[in-house]
Amino acid sequence: MIINTDNFTEFSIGAKAERLFKMKQHGFNVPELFCVTNETQEAEVRDYISHNFHTEALFSVRSSASAEDSSSFSFAGQLETFLFVPADKVWERIEQCRASADTESVAEYLRINALNRGELRINVIVQAMVDADCSGVIFTANPQGILSETVITVGAGTGDNVVEDKVAVSTYYCDRSDKSFYAELNENAHALGRETIAGLLVTAEKIRELFGCECDIEYAVKDGVTYILQARPITTLHADGHIILDSSNISESYPGISSPMTISFVKDVYHLVFSSCVRRITRNDGTAERLDGVLSNMTDAANGRIYYRISSWYDVITMLPFSSKIIPIWQEMLGVSDKSVTRSAEAPNRMTKLRVLMSFVQLISANERNMKKLNRKFDEIYPQFSARISQTDSPAELFAIYVELKNTLADCWDLTLVNDMYAFIFTGLLKHSLKCEKPEDTANQLICGSDSIESMKPVMMLNDICESLREEGSYDGFCGISSNEEFERFVSRPTRSAELIKRYISEYGDRCACELKLEAETYRTNPLLLVETISTFSAAPLRTEKKSRPRLHGLSKLYAKKAYNGILLRERSRMSRGKIFGLIREIVLKCGADLSRRGLIEQQRDVFFLRFDELEKAANGSISGLRELIASRRRQWASFEAIPPHTRIVFDSKVFDKPPANFVSDTMCGDDPLIYGTPCSSGIVEGEITHISSLSADTDASGKIILADVTDPGWVFVISQSLGIISKRGSLLSHTAIISRELKKPAVVGVGNACEHFTDGDIVSLNGIDGTVQLIRRAAS
């Protein structure tokens, strides 16, 4: 009996053959094939070939055993495969394929996996041979343990060359949601074009959906046509226990690659603050200690980038009353695109939920009062700790001050989390309470418009500095400063601009690009950055047009007031947070200088390649080999630069970094002329795109629409000169959104990689009311 697409469902022929027939049945480009069982006779095979294949056809002959390529056992490489078999040799190869089941290696495989040889039925697939230009394997999920990443390998010639390492191989790692990929390209290896990669990904996703599991798919390409040769389950992955990392919102605070020092410190800070918050809302009933495994993993890092471990956040939020209503609001405010809720811990018991309900109501009621009290406390302690840190270079004393600072803030800084939720809830309630045509646009207008918002204060002072420099006729002289000595001489003059500059560095010296990354240089650590900032934005003084707010009544008016106040308090706490990180940065740099003087590290800033706990050990002399450790991490972190940022990474069972390799990155975004994001500042403008990844003295966005990955406080002047801004990341309460609203610039955030096909010079229409960006025409080539 010959088995083919017409009758395969009537026989038990092994999973490998069944999947091939099923894929062919569903329209996949599988080469012509048939299958034989132990009962099939030689004459039947010869007759079938003569009637269904041309006389010069060549075949591949391989097994389809009863347990082979199952969800539990792959039998990879255990049974014989024959390629380029002429028609008159097919039967001989079929018999050899059957006989390979009785080798010692197969017997050992059966023994290890507790399988019985008597239950192993050997069926054989005979398939038209594809003399491939290139071939390889697609893993719909990275078998190393990344479920959100599809891996494509490719090498020249047929698949045996690839699996037996006979040819150089290129490997492509493709993010399924962000439409980005990075590749490990070996010298002389075959490379795939973007269109081929995109086609393979579409095919792989359809096969994954067809079989309902992650698959290992063999393919071949001949004359530009792709053939599917095999598909089987990936057997190394787990059904549950997955770890999801999400970059929503946190990528604005920690854009790009962060140092080991920042990654470790941020993880410790989130652990400390969330533990304190859980103790507060549960009234110290032991829940925080029970959930320590969750609370110690509020953040995580992969390939040098910081993410939220999203299940930990849901574990905490689901403790709150009305969590099913709060979670969608929280997701919207943080820009979480995947709305599925995953948890890693058991739900709290009834008594804990009752305590949380009582605490939550009290905290929300007293939020504004508590936050004002926290701000007064911070204003009192910050100058004290700042002075003490500046007066010592002793690592032991510096760490003693750090411990005291940590303990001082540990029992109160968690109130900022309560205020965040307060701002989120009332902003969400405001949007849903508005009965108008465009509630999002109206809400955006209602939660902006205050010169007292903390984010605008350094902006206004920078504006005053620029005006003073121009009035004094010293603007060009200041912009020409190129050394710290020149800077010190300039600010020592008895002028208003000099006094403003010194005051700015004292009050806002930590508010600059990437201010929460400890390795970032700030105006305080490098005053020449302030010279660059002021010289970059010389066009016009900052002015914002006042607009009347929509009139409200009833609950909408109450929600608007509370949302507005919550945002004001949130921006104040974020400013204070930047100052705290500035103190930690100073401690780290002073310890780095000490380690450099002692010869333990090469230079001061090498300290950022250590973790915070390693720095503490190094400071007291209980760790060695720092130079070698730093050199290793420097190589590893350099390789991370080519790995694109991901919105979300799903790990199978543990988080890990990619080993150093020769990576290159690219995207596979389509050419869709209309993309969608979150509208966060009203207005409609049409203009030319300028893609800005970082600021420099040459940055000029005057009269243009900015396209940015993410912004920070240092961008405010360039935004003020632009027509509007599109940001790949962000949400309604992100920095980009808040500053754009205050400057009355149309803004759309959270567009992701959908705008990758926009280039400098493209003309687009930016709609900050409905959140769309429309391509009008391409830049002239």
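These figures come from a predicted structure and were not determined experimentally.

J.: Which parts of the structure should I look at to understand unusual backbone geometry?
T.: Leave glycine aside and you will find that most residues have negative phi; peptide bonds, for their part, are mostly trans. Of note, the phi angle at F84 is positive, near 50 degrees, even though the residue is not glycine. Tracing the backbone through its elements, the reader meets F84 in strand 4 (residues 81-86). F84 gets classed as partly exposed once you look at its relative accessible area, which sits at 34%.

J.: Looking at this structure, I do not really get the pairing of strand 23 (residues 763-767). What am I missing?
T.: Consecutive side chains along a regular strand alternate between the two faces of the sheet. Counted residue by residue, strand 23 has five buried out of five residues, so it is predominantly covered. Every second residue of strand 23 is oriented toward a common face, with I763, S765 and N767 on one face and V764 and L766 on the other, all of them buried. Sheet analysis places strand 19 (residues 684-692) next to strand 23, joined by five bridges and oriented antiparallel. Residue pairing for strand 23: E686 is matched across the bridge by S765. With five bridges joining them, strand 23 and strand 24 (residues 772-777) adopt antiparallel strand pairing. From the neighbouring strand, V764 faces strand 24, where its bridge partner is L775. Between strand 23 and strand 24, which pair antiparallel one after the other, the connecting turn spans four residues, and G771 there sits at a positive phi close to 80 degrees.

J.: Where do I start with the pattern of salt bridges in this structure?
T.: One side chain can pair with another of opposite charge once the charged atoms of both are near each other. For the coordinates displayed, the defined rule picks out 42 salt bridges. Measuring nitrogen to oxygen at the nearest pair gives 3.9 Å for the salt bridge that ties E688 to K704. Here E688 is found in strand 19, whereas its partner K704 is found in the loop between strand 19 and strand 20 (705-708), with 16 residues between them in sequence. One salt bridge connects R778 with D762, and the closest N-O pair in it is separated by 2.7 Å. Taken together, the residues R778 in the segment after strand 24 and D762 in the loop between strand 22 (747-749) and strand 23 connect sequence positions 16 residues apart. What makes R778 partly exposed here is its relative accessible area of 34%. What you see here is one network of salt bridges that share partners, running through R176, E205, R208 and E214.

J.: Explanation requested: the side chain of T40 in the structure shown.
T.: As for its placement among the helices and strands, T40 is situated in the loop between strand 2 (33-36) and helix 2 (42-52). At 2.7 Å, the side chain of T40 forms a polar contact with the backbone oxygen of M1. Only 3.0 Å separates the side chain of T40 from the backbone nitrogen of T37, close enough to count as a polar contact. Look past the residues within four positions of T40 in its chain and what remains in contact with it is M1, I2, V45, W91 and R98.

J.: Would you explain the sheet that holds strand 1 (residues 2-3) in this entry?
T.: Consider a sheet: its strands pair through backbone hydrogen bonds, and that pairing is either parallel or antiparallel. Judged by pairing direction, the sheet is antiparallel, and its five strands sit side by side in the order 1-2-5-3-4 without closing on themselves. Across the chains shown, the open sheet's two edge strands, defined by having one partner strand only, are strand 1 and strand 4. Sheet topology places strand 1 next to strand 2; two bridges connect them, and they run antiparallel. If you follow I3 over to strand 2, its bridge partner there is C35. Across the sheet, helix 2 is in contact with strand 1, strand 2 and strand 3 (58-65); its angle to strand 2 comes to roughly 170 degrees. Of the strands in this sheet, strand 2, strand 3, strand 4 and strand 5 (122-128) touch helix 3 (residues 90-99), which is tilted by about 145 degrees from strand 5.

J.: I tried to follow the confidence of the model for the protein chain on my own but got confused; where do I start?
T.: If pLDDT is low for a region, its predicted coordinates should not be looked at in detail. For the protein chain, per-residue confidence averages 88 on the pLDDT scale, and residues scoring 70 or more make up 92% of the total. Within the model, pLDDT remains below 50 along residues 539-543, and this stretch shows 13 contacts once partners closer than five positions in the same chain are excluded.

J.: Looking at this structure, how should I read a nonpolar patch on the surface?
T.: Taken together, the side chains of F322, M351, L354, L357, M358 and V361 define a hydrophobic patch exposed on the protein surface, amounting to about 570 Å² of accessible area. Mapped onto the elements of the fold, L357 is located in helix 13 (residues 350-365). We classify L357 as partly exposed; its relative accessible area is 32%.

J.: I would appreciate a short explanation of helix 21 (residues 496-508) in the present structure.
T.: Helical periodicity: at 3.6 residues per turn, an α-helix aligns residues three or four positions apart in one direction. In a regular helix each residue adds 1.5 Å, so 13 residues correspond to 18 Å; helix 21 covers 17 Å between its end C-alpha atoms and thus fits that length. Turning to helix 21, its buried residues number three or more, namely S497, A498, L500, I501, Y504, I505 and Y508. Down the axis of helix 21, the buried set is contained in an arc of 165 degrees. They therefore lie on one face. Lining the buried residues of helix 21 we find helix 18 (457-472), helix 19 (475-479), helix 20 (484-491), helix 22 (528-536) and helix 23 (554-597).

J.: It is not clear to me how the nonpolar core should be interpreted in this structure. Could you clarify?
T.: Taken as a class, soluble globular proteins show a tendency for nonpolar side chains to be buried jointly. The biggest cluster of nonpolar side chains holds 133 residues, and the ones touching the most others in it are M261, W330, L430, I584, V607 and I706. Among the elements that take part in this core, helix 23 stands out by supplying 14 residues, more than any other. Setting aside residues no more than four positions away along its own chain, I706 makes contact with T690, I692, A701, W715, V718, I719, S722, G724, I725 and I726. Within the second largest apolar cluster, 33 residues are counted, among which are I138, C174, A204 and V221.

J.: Explanation requested: the packing of helix 14 (residues 367-390) against helix 15 (residues 395-410) in the structure shown.
T.: Each packed pair of helices is defined by two parameters, the angle between the axes and the distance between the axes. At a closest axis distance of 11 Å, the pairing of helix 14 and helix 15 adopts a crossing angle of 175 degrees. When the axis of helix 14 is compared with that of helix 15, the two are roughly antiparallel. Between helix 14, through K377, I381, F385, R388 and I389, and helix 15, the contact on the second element is made entirely by L398, I401, E404, L405, T408 and L409. For the contact of helix 14 with helix 15, a count of residues per class yields seven nonpolar, one polar and three charged.

J.: Please explain the environment of A708 as it appears in this structure.
T.: Residue position: A708 is located in strand 20. Distance from A708 to M421, taken between C-alpha atoms, is 27 Å for residues 287 residues apart in sequence. Setting aside anything within four residues of it in sequence, one finds A708 in contact with I692, W715, I726, S727 and K728.

J.: Explain the packing of aromatic side chains to me, please; I cannot follow it from the model alone.
T.: Here the distance between the centres and the angle between the planes together describe a pair of aromatic rings. Inspection of the entire model under this criterion finds 29 aromatic pairs. Aromatic side chains Y314 and W330 sit 5.6 Å apart centroid to centroid with 70 degrees between the ring planes, which places their arrangement in the edge-to-face category. With Y314 in helix 11 (residues 310-317) and W330 in helix 12 (residues 323-334), this pair connects stretches of sequence that are 16 residues apart. Comparing Y314 with W330 shows no difference in burial state: the two are buried.

J.: How should the sheet that holds strand 22 be read in this particular structure?
T.: Strand order in the open sheet formed by eight strands is 17-24-23-19-20-21-22-18, and the pairing between neighbours is mixed. This sheet does not close on itself; its edge strands, each paired only once, are strand 17 (674-676) and strand 18 (678-681). Shown here is a sheet whose adjacent strand axes are inclined to one another by a mean of 30 degrees, direction ignored. Those strands touched by helix 27 (residues 735-743) are strand 18, strand 21 (724-727) and strand 22, and its axis lies near 40 degrees from that of strand 18.

Cut-offs used in this document
- Residues numbered from 1 in each chain as written.
- Predicted model: local features only at pLDDT ≥ 70, side-chain atom pairs only at ≥ 80, totals over all residues.
- Heavy atoms only, no water.
- Helix = DSSP H or I, 4+ residues; strand = E, 2+ residues; numbered from the N terminus.
- Buried < 20%, exposed > 50% of the residue type's maximum accessible area, 1.4 Å probe, protein only.
- Pairing = 2+ DSSP bridges.
- Salt bridge = Lys/Arg side-chain N within 4 Å of Asp/Glu carboxyl O.
- Polar contact = N/O pair within 3.5 Å; in protein donor to acceptor, adjacent residues only side chain to side chain.
- Contact = heavy atoms within 4.5 Å.
- Axes fitted to C-alpha atoms, helices over the stretch in contact; angles between N-to-C directions.
- pLDDT = per-residue confidence, 0-100.
- Patch = residues over 30% accessible without salt bridge, like charges linked within 9 Å, V, L, I, M, F, W, Y side chains within 5 Å.
- Areas by Shrake-Rupley, 256 points an atom, 1.4 Å probe, with all protein chains shown as cover.
- Expected span 1.5 Å × (residues − 1).
- Arc of directions from axis to C-beta.
- Core = buried A, V, L, I, M, F, W, Y, C linked by side-chain atoms within 4.5 Å.
- Parallel < 35°, antiparallel > 145°, perpendicular 65-115°, else oblique.
- Nonpolar A, V, L, I, M, F, W, Y, C, P; charged D, E, K, R; others polar.
- Phe/Tyr/Trp six-rings, centres within 6.5 Å; stacked < 30°, edge-to-face > 60°.

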